Amino acid sequence: MTTTQPRRGGLEVRSIDYVPLSERHGKVWHLGPLWFMSNAQIATLAVGLISISEGASLFWSVLAIVIGVLVGTLFMAFHSAQGPQLGLPQMIQSRPQFGYVGALLVWLFAYVQYAGFNVFNTILGGEAMSTTAHGSTKLWVVIVTVAAFVIALVGYDLIHKAEQWLTYLMIVIFGIFTITLFFIHYPAGTFDVGHFQASPFFGQFGVVAGYQISWAIYVSDYSRYMRPDVTVRKTFFWTYWGSAIGGGWMMIVGAVLAAWAGKSFDGTGIAELDQVGNHVFDGFGSVVLILAALGLVSVTALNMYGGSLTLISAIDSFSKVRPTLSLRVVTIGITGVLSVAGALAATHNFLGNFSNFLLLILYLFIPWTAVNLVDYYIVRRGHYAIAEIFKPDGMYGRWGWRGILAYVIGFAAMTPFFDVGTLYEGAAAKALGGADISFFIGLPVAGILYYLFSRSLDVAAETRVAEAEAAELDSPAGEPNTL
């Protein structure tokens, strides 16, 4: 079998192929700043605005944010722990549950997420830079996208390094900004407990949990180069607390800014960041926004990188592809073009569209995360035959009826509990006064069904194949054929 060189001219070449042990590197603590900074940016800040905009008090908004972060981050962190053990990107790991072709079901949704998030990220980045450096927002949208393209093309190592440096800057700059929030004047009653309202509370919880879970579709893309002797516990720990602290911090700041601004709130938080920042000294607001724009460049790069891997995986399902640098350039470019086109064509209803998009992500990926985690931790317990994942007619099959059926039923069970603002309100959500508890329905239904369906699997035979393959996996002749 022919193998792929890992880098060419400093650019990463590997994509959906297995990362052999000879190329494994990095320290587990690197996951902390990566996921801290991925969340500590102003797209995340906007997530904390939802319930305030619907009339909830700051107290109940912050409580919903904290619970949503603590719950939603659990799932993405458990997915992160799969990377060092399998040496594969996240989405390709869906083939054992959904089948070689059947995994296209979740890959389509994943790719929509990458492009969708980048639409919002680049809009915010463009507006932040237009506020500070002036010039057309659309021009800055293009500049943000091009900068992100370069980072995504260089690949895994540059992404990790960039997130580390941005983490140090974010802690200092946003630390000063956060302290400033304690010294500004708030409208009377801002910090009163207020009355509990189910609809905005569960809406905020769902959006927050969905935002955190949305990272699950590519979280192990950024741990797959680490050695398999990195423990699940440590991988989980650094991913969980990096993401939870970064995300929770920004969302709470967003809620506080919305409560401070009241009806004058601009919908994105950019004007408020500038105004509050200037309480430190004139021009500090611009410093905050420039850092925020850099954070958006980095997370846009993550989405381009993950989108490229997903697009290559989808193409590979129809026709075997060689994971080359040229293919990475093309697929990253396609992802960038789609997102910048969406950003340039977007309307001004940012907050409403962003809220609905996040809920859609939650709905689509709750059944998937349940199926994938139950398979990895309970059914197959981490034993996968890597080479078989890349075979159209391998032992995992072309269509994984167990995963597909559990996903579809889990999703269907959630639909009566959906509440997507003016777009759709399910009968159960309406009966509950607008409270969206679909999260608590889809997760156990899909997970339990997949476990029950999988009892007919001959896991012992699969494990023997995986163990026999392991000895050959990292030999020059034994690396999985992904050509």
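Here goes a summary of the coordinates provided. (Residues numbered from 1 in each chain as written. Predicted model: local features only at pLDDT ≥ 70, side-chain atom pairs only at ≥ 80, totals over all residues. Heavy atoms only, no water.)

Examining a nonpolar patch on the surface
Here's step 1: A cluster of nonpolar side chains, namely Trp29, Val66, Leu70, Trp165, Tyr168, Phe237, Trp238, Trp241 and Ile245, defines an oily patch on the protein surface of about 900 Å² accessible area.
Here's step 2: Listed by contribution, the elements that provide at least two residues to the nonpolar patch are helix H4 (58-80), helix H9 (156-180) and helix H11 (232-261).
Here's step 3: Broken down by element, the nonpolar patch gets its largest block of residues, 4 residues, from H11.
Here's step 4: Tracing the backbone shows tryptophan 165 in helix H9. (Patch = residues over 30% accessible without salt bridge, like charges linked within 9 Å, V, L, I, M, F, W, Y side chains within 5 Å. Areas by Shrake-Rupley, 256 points an atom, 1.4 Å probe, with all protein chains shown as cover. Salt bridge = Lys/Arg side-chain N within 4 Å of Asp/Glu carboxyl O. Helix = DSSP H or I, 4+ residues; strand = E, 2+ residues; numbered from the N terminus.)

Remarks on the packing of aromatic side chains
Here's step 1: Under the criterion given, the structure shown has 39 aromatic pairs.
Here's step 2: Ring centres 5.3 Å apart and planes at 35° place the aromatic pair tyrosine 222 and tyrosine 305 in the tilted group. Linking tyrosine 222 in the loop between helix H10 (198-214) and H11 with tyrosine 305 in helix H13 (residues 284-318), this pair joins segments that are 83 residues apart in sequence. Both residues of the pair, tyrosine 222 and tyrosine 305, belong to the buried class.
Here's step 3: An aromatic cluster of three or more residues is present, and its members are Trp35, Tyr114, Phe117, Tyr211, Trp215, Tyr218, Tyr222 and Tyr305.
Here's step 4: Positioned above the aromatic ring of tyrosine 100, the side-chain terminus of arginine 95 is 3.9 Å from the ring centre. (Phe/Tyr/Trp six-rings, centres within 6.5 Å; stacked < 30°, edge-to-face > 60°. Buried < 20%, exposed > 50% of the residue type's maximum accessible area, 1.4 Å probe, protein only. Lys NZ or Arg CZ within 6 Å of the ring centre and 35° of its normal.)

Things to note about the environment of glycine 410
Here's step 1: By the element assignment, glycine 410 lies in helix H17 (residues 401-414).
Here's step 2: Classification of glycine 410 by relative accessible area gives buried; the value is 0%.
Here's step 3: In contact with glycine 410, not counting residues within four places along its chain, are Pro367, Gly442, Val445 and Ala446. (Contact = heavy atoms within 4.5 Å.)

Points about the pattern of salt bridges
Here the idea is simple: oppositely charged side chains can pair when their charged atoms come close.
Here's step 1: As enumerated under the stated definition, the model contains 5 salt bridges in all.
Here's step 2: One salt bridge in this structure joins aspartate 316 and arginine 95, with 3.0 Å as the shortest N-O distance. Of this pair, aspartate 316 sits in helix H13 while arginine 95 is found in helix H6 (residues 95-98), placing the two residues 221 residues apart along the sequence. Across the pair, exposure class does not vary: aspartate 316 and arginine 95 are buried alike.
Here's step 3: The shortest N-O distance in the salt bridge between aspartate 375 and arginine 380 comes to 2.7 Å.
Here's step 4: Overall, arginine 380 belongs to the buried group, its relative accessible area being 3%.
Here's step 5: Bridged by salt links that share partners, the residues Asp375, Arg380 and Glu462 form one connected network.

Describing the packing of H9 against H13
Here's step 1: Two elements in contact, H9 and H13, have axes separated by 10 Å at closest approach and are oriented at 155°. Comparing their axes, H13 and H9 come out roughly antiparallel. Taken as a pair, H9 and H13 cross one another with a handedness that is left-handed. Between H9, through Tyr156, Ile159, Glu163, Leu166, Leu169, Met170, Ile173, Phe174, Ile176 and Phe177, and H13, the contact on the second element is made entirely by Phe284, Val287, Val288, Leu291, Leu294, Gly295, Ser298, Leu302 and Tyr305.
Here's step 2: Across the contact of H9 with H13, the residue classes break down as 16 nonpolar, 2 polar and 1 charged. (Axes fitted to C-alpha atoms, helices over the stretch in contact; angles between N-to-C directions. Parallel < 35°, antiparallel > 145°, perpendicular 65-115°, else oblique. Left-handed = near helix turned anticlockwise from the far one by under 90°. Nonpolar A, V, L, I, M, F, W, Y, C, P; charged D, E, K, R; others polar.)

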